[in-house]
Amino acid sequence: MKNIGIKILMVSLIFLGINGYAQENSKQPDGLERNEAYIDSMMTNALEKGFFPGAQIIVGTMDFNLIYKNYGYHDYTKKQLVKSDDVFDLASMSKVLGATLVTMRLVGDGKIKLTDQVGEIVPMYKNTAISDLTLFELLTHTSGLTPSITFYQALLSTPDNSPFLSNQKSEQYVEPFDNMYVNKNIVYDSKYLVFEPKENWVQIYKNMWLNPEFYPSVYERIAKANTNPRGKYLYSDLNLLLVKQMIETKTGKKLDQFTNEIYKELGISKIGYNPLKWTSIENVMPTEVDHFFRKDTVKGYVHDEAAAIFGGVSGNAGLFANAESIAVICKMLMNNGNYKGKQILKAKVVKEFTDSPLAKEGIYRGLGFDKRKPDEFFTKDDFGHTGFTGTFFFMNRNTNRFLIILTNRVNPTRTNRLMYKDDFSAKIWKQINK
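Numbering of residues starts from 1 in each chain and follows the order in which that chain's sequence is written. In keeping with the model being predicted, local features are shown solely for residues with a pLDDT of at least 70 and side-chain atom pairs are shown and tallied solely at 80 or more, while totals for entire chains, interfaces and linings include all residues. No hydrogens and no water enter the side-chain calculation; it runs on all heavy atoms of the structure.

Per an unreviewed UniProt entry, the protein goes by CubicO group peptidase, beta-lactamase class C family and derives from Flavobacterium nitrogenifigens.

(A) Inspection of empty space enclosed by the protein at higher detail. In the cavity and pocket records, a cavity denotes points on a 1 Å grid over the protein atoms alone where a 1.4 Å probe fits but cannot get out, a pocket denotes an open set with protein on both sides within 12 Å along at least 5 of 7 lines, and lining residues are residues with an atom within 4 Å of a point. Grid points are joined across faces, edges and corners, and a volume is the space filled by probe spheres set on the points. Taken as a whole and assessed by the stated rule, the structure comprises one cavity of 30 Å³ or more. Each pocket or cavity is described by its volume, and for the largest cavity that value is around 50 Å³. What lines the largest cavity is Tyr219, Ile222, Leu241, Lys244, Gln245, Phe310 and Ser314. Put simply, the parts of the chain that give the lining of the largest cavity at least two residues each are α6 (215-223) and α7 (237-251). By definition, any uninterrupted DSSP run of H or I lasting at least four residues is a helix, any uninterrupted run of E lasting at least two residues is a strand, and each is numbered from the N terminus. Ranked by residues supplied to the lining of the largest cavity, first place goes to α7 with three residues. Within the lining of the largest cavity, the residues separate by chemical class into four nonpolar, two polar and one charged. Note on residue categories: nonpolar means Ala, Val, Leu, Ile, Met, Phe, Trp, Tyr, Cys or Pro, charged means Asp, Glu, Lys or Arg, and polar means any other residue, Gly included.

(B) Geometry of the sheet that holds strand β11 (residues 202-205). The sheet built from three strands is open, its strands ordered β10-β12-β11 with antiparallel pairing. The open sheet has two edge strands with one neighbour each: β10 (193-194) and β11. The pairing criterion for strands is at least two bridges between them, as found by DSSP. Bridge count for β11 against strand β12 (residues 208-210) is three bridges, and the pairing is antiparallel. Bridged to valine 202 within β12 is leucine 210.

(C) The sheet that holds strand β7 (residues 173-177), seen in detail. Across the sheet, three strands lie side by side as β6-β8-β7; this open sheet has antiparallel pairing. Each edge of the sheet is formed by a strand with only one pairing partner; in this case those strands are β6 (165-166) and β7.

(D) Examining the confidence of the model for the protein more closely. pLDDT expresses how confident the predictor is about each individual residue, on a scale running from 0 to 100. When the pLDDT values of the protein are averaged, the result is 94; 93% of them are 70 or greater. Throughout, a contact is declared for two residues whenever any of their heavy atoms are within 4.5 Å. Low pLDDT (under 50) marks residues 4-15, which in the prediction has four contacts with non-local residues, meaning those over four places away or in another chain. Confidence over residues 23-27 falls short of pLDDT 50; this stretch has seven contacts with residues more than four positions distant or in other chains.

(E) Structural view of the nonpolar core. Among the buried residues, those of types Ala, Val, Leu, Ile, Met, Phe, Trp, Tyr and Cys that are joined through side-chain atoms within 4.5 Å form a nonpolar core. The cut-offs for exposure are 20% and 50% of the maximum accessible area for each residue type, with area from a 1.4 Å probe on protein chains only; residues under the lower value are buried, those over the upper are exposed, and the others partly exposed. Judged by nonpolar contacts, the single largest core of 97 residues is most densely connected at Ile222, Ile326, Ile329, Leu333 and Ile404. No other element matches the nine residues that helix α10 (residues 323-334) contributes to this core. Beyond its immediate stretch of four places on either side in the chain, leucine 333 contacts Leu101, Met104, Leu345, Val350, Phe369, Phe383, Met395 and Arg397. Within the second largest apolar cluster, 26 residues are counted, among which are Leu32, Phe52, Phe392 and Met419.

Put into structure tokens, the structure is as follows:
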């Protein structure tokens, strides 16, 4: 009977698309099996209830991957199992694993300072309302900039000037988008957007090219976006758009060039912007069925519309990766910037960016890194980031743990917030730190 029970359990796990391993080594901590069983149970429940189609997870220390597993499928057709080489759209995890990592390198090398002001470095902002915002304010989200701007909607219109979206389904508003319905008569601005390759235009989707003359209007809107009090915490994608501009203007080098140099030093290759340039589309997890802007199931191109406008390379989003590549970055950060004897980032810079410099003001935030006010799930020493697409990574040097959870919960729609209502990732983080 016992053998029959084991066989039934194994068949159940295979049916749900669970595969992977717990890495065996002499330094395994007590409770590894308990944690693995907990994660399997959480994932089984999540897949059954439709939190997301598929996921990758790694639990590790600064030296080892303790648990490394894949769960579920690429989408709800259940035709393609998630495998270790598959890469996920990281969404806002890109803020840390892209622009923040590069900033840490530049600060450590003395090529940029946290006191540097936007207008000092980027000439177009010199005489604007945001000219004296500092790199520190941008990274801590204390600049006062509005959370986001839907730049892409300036490329759209309707013949009768009717709204793009309605909260009621009707003959004119048919297809869903988030919790709204999309106007079926939306047209694209042919001055700025075409559907065939055009010289010097920027590819923003597989069949969309953007006129670079559109960008000045984007920068003008950013310059007028500081509508909230400075010094107060307000999370904004615009902060990291400006960090990218500061990096590129100061150095003359593109953000993706910088990140690729760091990734190469770390020996990781399943991470980067615009994944179809370095992996096959079969290895990319699909995100949303976008009925509004791209009119397609987004796969191989960034989900975030602002990052799409910038050709897939942005400070706020754009990175794709598998869990294994991110695990290497976690180990490097937990080892104070050192990985396998190579000092990737200066130790003092890692400490500075992962501390909470504004905790006395009640702002629990690192420089670029997400930190939380201590509660039942998080401590003051935890640091990492999350992403809109259903991604999560956090680490803690004191407990010697990191956790990476990659999902595509926005497939087929961003309305699916079940994993957040369940505190899914936070519960697993709490469990592995017990």
